[in-house]
Amino acid sequence: MTSKRSFAEKLVVRIPYAWLLVFFLVPFLIVLRISLSQPALAQPPYTPLFNLLAGWHGITAFFGALSLDNYALIGSDPLYLLSFVKSVEIAAFSTLFLLIIGYPIAYGITRTPRRVQALLMTLVMLPFWTAFLIRIYAWMNILQHDGPLNRLLLALHIVNTPPVWLASDTAIYIGIVYSYLPFMVLPLYATLEKLDESLLEAAADLGCPRSKIFWEVTLPLSAPGVLAGALLCFIPAVGEFVIPDLLGGSQAPMIGQTIWTEFFGNKDWPAAAAVAIVLIGLLVTPIVIFQHQTMRAVERG
Amino acid sequence: MRKVSAFNLAAIVLGLVFLYLPIVILVIYSFNASHLVAVWGGWSTRWYAELINDVPLLDAAFISIRLALVSASAATILGTLAAVALVRFGRFRGRLLFASMIYAPLVMPEVITGLSMLLLFVAVAIDRGFWTVAIAHTTMAMCFVTVIVQARLVDFDMNLEEAAMDLGASPLETFRAVTLSLILPAIAAGWMLAFALSLDDLVIASFTTGPGATTLPIRIYSEVRLGVKPEMNAVCSIMIGVVGLAVIAASLLAKFNIASGTPARPQQKPPDQSLLSAGGRNR
């Protein structure tokens, strides 16, 4: 490519760039700004953002009005802390379960003939395309008190009294594992599928037992896929709203629910913004690692 | 030769059962004649028949489809431009920020995206409604489109373009006749993914919507929050059927591989690493 680009070529960059600046970056700066303002009984319910007409006075007023009260509130009210801890805990354990369940599936698929592999991966990804909300709703059906799962358990005499599934953390785990499974299998499959078979054969020829080959060759070589799958599941799971709201109980909400309630229920927009900023702060490291990995993976082809 | 062990087979079968059984159960229950969701009262299509009279629900479905058409199309144009910029324009100024803004929304929790979009619309005092949701969905979906198209462009044989230019085609003609036609399946896959994402989204739409723009997921959510309802089983089954058929039909027509979001490659190549494409999300 030459360094001189036509006007049309410049537009190819500038149109999507401008769109993302206006609708992705600027909104974050606004969230940051509102998290530093006071709630007000007004519409919109926070103190004014800035007053350009007021000139220098407006600028000093802008900085004078900044307040850390919302962050102090988050720090002092154990409800927020509990909510953050619970979200990270649920996301971390879900990611672990996803790895344990997803790895054998991805590995199994790579053992099948090539043509079958394509079909199987299509089957794994297909549920992703069908509505997410509906798949969670399907679990409300299954997990309800006299639903199919409890009837099956009763019929098989595994339990004598039907256990309560809905409104529990167990249901949240089931929901997250179920809906994120394709995202875990996909990157794992992608790395396992490219694994160099001759390394495994070499290990076997040298007398290494099968289980040892797995732990010392296969697993370390698939580390990039494990990392990618874990990030892909962990990051959105921390901020999950629909799954805990429909399947979980009302005791300790996850952080996504807390933002939702602050916003829609309590109408405390600055507090919701501050919780969102803290959540971004929490996730910024995994997000940057994810971006870096994606950029490298996509650009390598 | 590789062998599929019993363990491998069990993992695959159990995995697929886990993924599909809940959907199958939902569809079966939608044909339950009984008013009590958990009691089986024989086969019936009464809940499907009752849907026809549910005007608010039909309105919401109509809004959702229009919304998905608009935002998927806008996202496809913007996402394709972004992919071309990232792959073909080398290291332009601000590229790192640009790439970051493309990849971050792929994993950003929806609650945050929704909240920040809404606060933008409020700050500039735009009335919320159909178009604000459309803008929000476009922004979220364009990043998925970019990743899919980008994976295809990276794979692309540049010699084809050079050949076209050598034969006297202008850059624009080359782009139209060679580049565009080769990445078209990826663009189609991107459009479908964007459509599905928009049709499906509850959280971002809830934040950015306004009067008169209640989408189908918002409607379904408000109905099912407090429990399972037979009519909702029917609506959900229809949605699964429509989306499922569309995806299968499109994949047969476009001959692209759903699992990879990229066109079927020559047989010697494995079914693909540009994974994320499908899930949109990446390794």
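Residues numbered from 1 in each chain as written. Chains lettered and ligands numbered in written order. Predicted model: local features only at pLDDT ≥ 70, side-chain atom pairs only at ≥ 80, totals over all residues.

Student: I keep staring at the overall build of chain B and nothing clicks. Help me out?
Tutor: Helix and strand content of chain B: twelve helices and two strands. Listed by position from the N terminus, the elements making up chain B come as α-α-α-α-α-α-α-α-α-α-α-β-β-α. When contacts within chain B are restricted to residue pairs at least 6 apart in sequence, those whose partners lie at least 24 apart make up 71%. (Helix = DSSP H or I, 4+ residues; strand = E, 2+ residues; numbered from the N terminus. Contact = placed C-beta atoms within 7 Å.)

Student: What exactly am I supposed to notice about the overall build of chain A here?
Tutor: Summing up its helical and strand segments, chain A has 14 helices and zero strands in all. In chain A, the order of α-helices and β-strands from amino to carboxyl end is α-α-α-α-α-α-α-α-α-α-α-α-α-α. Taken across its 301 residues, chain A has 43% of its residues classed as buried. Of the contacts made within chain A by residues no fewer than 6 positions apart, 71% connect residues no fewer than 24 positions apart. (Buried ≥ 20, exposed ≤ 12 C-beta atoms within 10 Å, placed from the backbone.)

Student: Can you walk me through the packing of helix H5 (residues 114–129) of chain A against helix H8 (residues 169–193) of chain A in this structure?
Tutor: When two helices pack together, their arrangement is given by the angle between the helix axes and the distance between those axes. Residues and elements named next belong to chain A. One way to put it is that H5 packs onto H8 with a least axis distance of 9 Å and a crossing angle of 145°. H8 is crossed by H5, and the crossing has left-handed handedness. Only Pro182, Val185, Leu186 and Tyr189 of H8 make contact with H5, whose side of the interface consists of Met121, Val124, Met125, Pro127 and Phe128. Residue composition of the contact of H5 with H8, grouped by class: nine nonpolar, no polar and no charged. (Axes fitted to C-alpha atoms, helices over the stretch in contact; angles between N-to-C directions. Left-handed = near helix turned anticlockwise from the far one by under 90°. Nonpolar A, V, L, I, M, F, W, Y, C, P; charged D, E, K, R; others polar.)

Student: Even after reading the chapter, I still don't get the interface of chain B and chain A, so can you show me in this structure?
Tutor: When the parts of a complex come together, some accessible area is lost, and that lost area is often taken as the interface size. Facing 82 residues of chain B, the contacting portion of chain A comprises 92 residues. The dominant element in the side of chain B that touches chain A, judged by the number of residues it contributes, is helix H1 (residues 6–30) of chain B, at twelve residues. Looking at side-chain class alone, the side of chain B that touches chain A contains 62 nonpolar, twelve polar and eight charged residues.

Student: Would you take a moment to explain the packing of helix H1 (residues 7–35) of chain A against helix H5 (residues 110–123) of chain B for this structure?
Tutor: For the pair H1 of chain A and H5 of chain B, interaxial distance at closest approach is 8 Å and the crossing angle is 85°. The orientation of H1 of chain A relative to H5 of chain B falls into the category roughly perpendicular. Contacts between H1 of chain A and H5 of chain B involve Phe23, Val26, Pro27, Phe28, Ile30, Val31 and Ile34 of chain A on the former and, on the latter, Leu115, Ser116, Met117, Leu119, Leu120 and Ala123 of chain B. (Parallel < 35°, antiparallel > 145°, perpendicular 65-115°, else oblique.)

Student: What is the right way to look at helix H4 (residues 78–111) of chain A in this model?
Tutor: Three- or four-residue spacings in an α-helix give side chains the same orientation, since the helix completes a turn every 3.6 residues. Across its 34 residues, H4 of chain A extends 49 Å between first and last C-alpha, which sits within 8% of the 50 Å expected from 1.5 Å per residue. Where H4 of chain A bends most, the angle comes to about 30°, and this point is Gly102 of chain A, followed within four residues by the proline Pro104 of chain A. (Expected span 1.5 Å × (residues − 1). Bend = angle between axes of the 7 residues up to and from the residue.)

Student: When you look at the nonpolar core in this model, what are you seeing that I'm missing?
Tutor: Most often, soluble globular proteins keep nonpolar side chains buried together rather than apart. Ala276 of chain A together with Leu115, Phe144 and Ala194 of chain B are the most contacted members of the largest nonpolar core, which has 170 residues in total. Here this core gets 17 residues from one element, more than from any other, and that element is helix H3 (residues 55–88) of chain B. (Core = buried A, V, L, I, M, F, W, Y, C linked by C-beta atoms within 7 Å.)

Student: How should the confidence of the model for chain B be read in this particular structure?
Tutor: For any part of a model where pLDDT is low, the fine detail of the predicted coordinates should not be relied upon. Residue and element names in this part refer to chain B. Looking at chain B, the pLDDT average stands at 81 and 86% of residues meet or exceed 70. Here residues 257–283 is a poorly scored stretch, pLDDT under 50, and it has 97 contacts once near neighbours within four places are set aside; other chains count. For this predicted complex, the interface confidence score (ipTM) comes to 0.84, while the overall pTM stands at 0.85. (pLDDT = per-residue confidence, 0-100.)

Student: Hey, could you run me through the environment of Thr113 of chain B in this one?
Tutor: All names here are of chain B. When you line up the elements, Thr113 lands in helix H5. Each C-alpha atom, one on Thr113 and one on Thr208, is 10.0 Å from the other, the two residues being 95 residues apart in sequence. Not counting chain neighbours up to four residues away, the residues in contact with Thr113 comprise Pro105, Met108, Met140 and Ile204.

Student: Would you take a moment to explain unusual backbone geometry for this structure?
Tutor: Note: most peptide bonds trans; most residues except glycine with negative phi. Residues and elements named next belong to chain A. Of note in the backbone geometry, Lys267 takes a positive phi value of approximately 55° without being a glycine. By the element assignment, Lys267 lies in the loop between helix H13 (255–265) and helix H14 (269–300). Exposure remark for Lys267: the 13 C-beta atoms within 10 Å place this residue in the partly exposed category.

Student: Explain the environment of Leu216 of chain B to me, please; I cannot follow it from the model alone.
Tutor: Residue and element names in this part refer to chain B. Relative to the helices and strands, Leu216 resides in helix H10 (residues 216–224). In sequence terms Leu216 and Pro105 are 111 residues apart; their C-alpha atoms lie 23 Å from each other. Excluding residues that lie within four positions of it along the chain, Leu216 makes contacts with Ala60, Ala61 and Ser64.

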